Amino acid sequence: MTDSNKVREILLAIGEKIQQQKDYLTELDQPIGDSDHGINLARGFEAVKQKAPSMEGQDIGTILKNAGMILVSTVGGASGPLYGSALMKAGIAMAGKTEMGPEDFLHMMEVAIEAVKQRGKAIEGEATMLDAMSPSLRAMKTAYEEGKDISAMLAEGVRASWAGAEHTKDLVATKGRASYVGERGLGHQDPGATSYSYMLEVVAEVIG
Ligand code: ADP
Ligand code: MG
C-alpha cells in the first residue's frame, strides 16, 4: 500500500494542502473559536517540512513519531497536541516498519484516533475532529471487509470524513473552544473536522 518514502511524501503534501486551505480553516475557526486553526497547522507542517530531509531513510514509525513531536512542539493551539499525539501513537504502531499494508493502515488509524480521544477527553458527537475521524475509519473498515481495493477504501473514507465534517454543523460543541459558544455554534462546521478531511484527501491522492 505504501512505504517510508511515500509516508514522507504524504506529510509534505499535507503541508501543501494546509497551506492552500489555511485561510479557509482559519475562517471556520472565527465564529466558534479564535481564528487560528489554519495558521496553527500551517506553522506545524512548515516545521515538519524543514525537518523532512533528516527523515530520509527512516522507517515509517520513526517518521510519524518525529512529525508528531514537531507538531506538539510548534503548534500552540489544541490541534497541535491532538494531531501530534495521533501521529506519535501511529508511529509507535508502525515502529520499525518500512512498508505498510491496508491492515497496518487501519490499525494505525484506529490507534491514532484513540490517541485523540484520550488526549482530548472527547468522544464522537462533540463537534470536533473526531466527528470526521471516526466515521471515516468505520467506512474504510467496511470497505476493506467488503473486499474493495485500496483506492476505493480510501475514497469511501474521504467521503465519510467530509460527511462527518458537514454533520458538525448540527452538533453543539462540548469540547474545546467551540464549547464556549454553545448553541451559537450550530450551523458552523468544525475546523478540525475539516482539516482532517483535507489530510485524508491527501492520503487518498498520494496512495490511491
Ligand atoms: P484552539 O482551539 O486551541 O485554538 P485550533 O484552533 O488549532 O486550536 O484547533 C481547534 C480544533 O481542535 C477544533 O476545531 C476541534 O476539531 C479540535 N479540538 C479542540 N478541542 C478538542 C478536544 N478536546 N478533543 C478533540 N478535538 C478537539
Ligand atoms: Mg483556534
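What you see is a predicted model, and the numbers here were worked out from it, not measured in a lab. (Residues numbered from 1 in each chain as written. Chains lettered and ligands numbered in written order. Predicted model: local features only at pLDDT ≥ 70, side-chain atom pairs only at ≥ 80, totals over all residues. Heavy atoms only, no water.)

Novice: I would appreciate a short explanation of the environment of Ala-165 in the present structure.
Specialist: Structurally, Ala-165 can be placed in helix 7 (residues 150-167). According to the relative accessible area criterion, Ala-165 is buried, its value standing at 0%. Separated by 128 residues in sequence, Ala-165 and His-37 have C-alpha atoms that sit 15 Å apart. Ignoring anything within four residues of it in the chain, the contact list for Ala-165 reads Asp-131, Ala-132, Gln-189, Ala-193, Thr-194 and Ser-197. (Helix = DSSP H or I, 4+ residues; strand = E, 2+ residues; numbered from the N terminus. Buried < 20%, exposed > 50% of the residue type's maximum accessible area, 1.4 Å probe, protein only. Contact = heavy atoms within 4.5 Å.)

Novice: Would you mind showing me how to read the site of ligand 1 here?
Specialist: Around ligand 1 sit 19 residues in total, of which Asp-34, Asn-40, Ala-78, Ser-79 and Asp-190 are the nearest. Here Met-129 contributes a backbone N or O atom positioned 2.9 Å from an oxygen atom of ligand 1. Protein chains shield 92% of the accessible area of ligand 1, which is 560 Å² for the free molecule. Grouping the constituent residues of the shell around ligand 1 by class yields five nonpolar, eight polar and six charged. (Near = heavy atom within 4 Å. Polar contact = N/O pair within 3.5 Å; in protein donor to acceptor, adjacent residues only side chain to side chain. Areas by Shrake-Rupley, 256 points an atom, 1.4 Å probe, with all protein chains shown as cover. Nonpolar A, V, L, I, M, F, W, Y, C, P; charged D, E, K, R; others polar.)

Novice: What is the right way to read the coordination of the magnesium ion (ligand 2) from this model?
Specialist: Metal coordination angles have textbook ideals: 109.5 degrees for a tetrahedral set of four donors and 90 or 180 degrees for an octahedral set of six. Binding of the magnesium ion (ligand 2) to the protein goes through Asp-29 (OD), Asp-34 (OD) and Asp-36 (OD), at separations of 2.0 to 2.2 Å. For the magnesium ion (ligand 2), the donor residues sit on a single chain with the sequence spacing D-x4-D-x1-D. The exposure class assigned to Asp-29 is buried, which follows from its relative accessible area of 9%. (Donors = N, O, S within 2.8 Å, 3.2 Å for Na, K, Ca; no water.)

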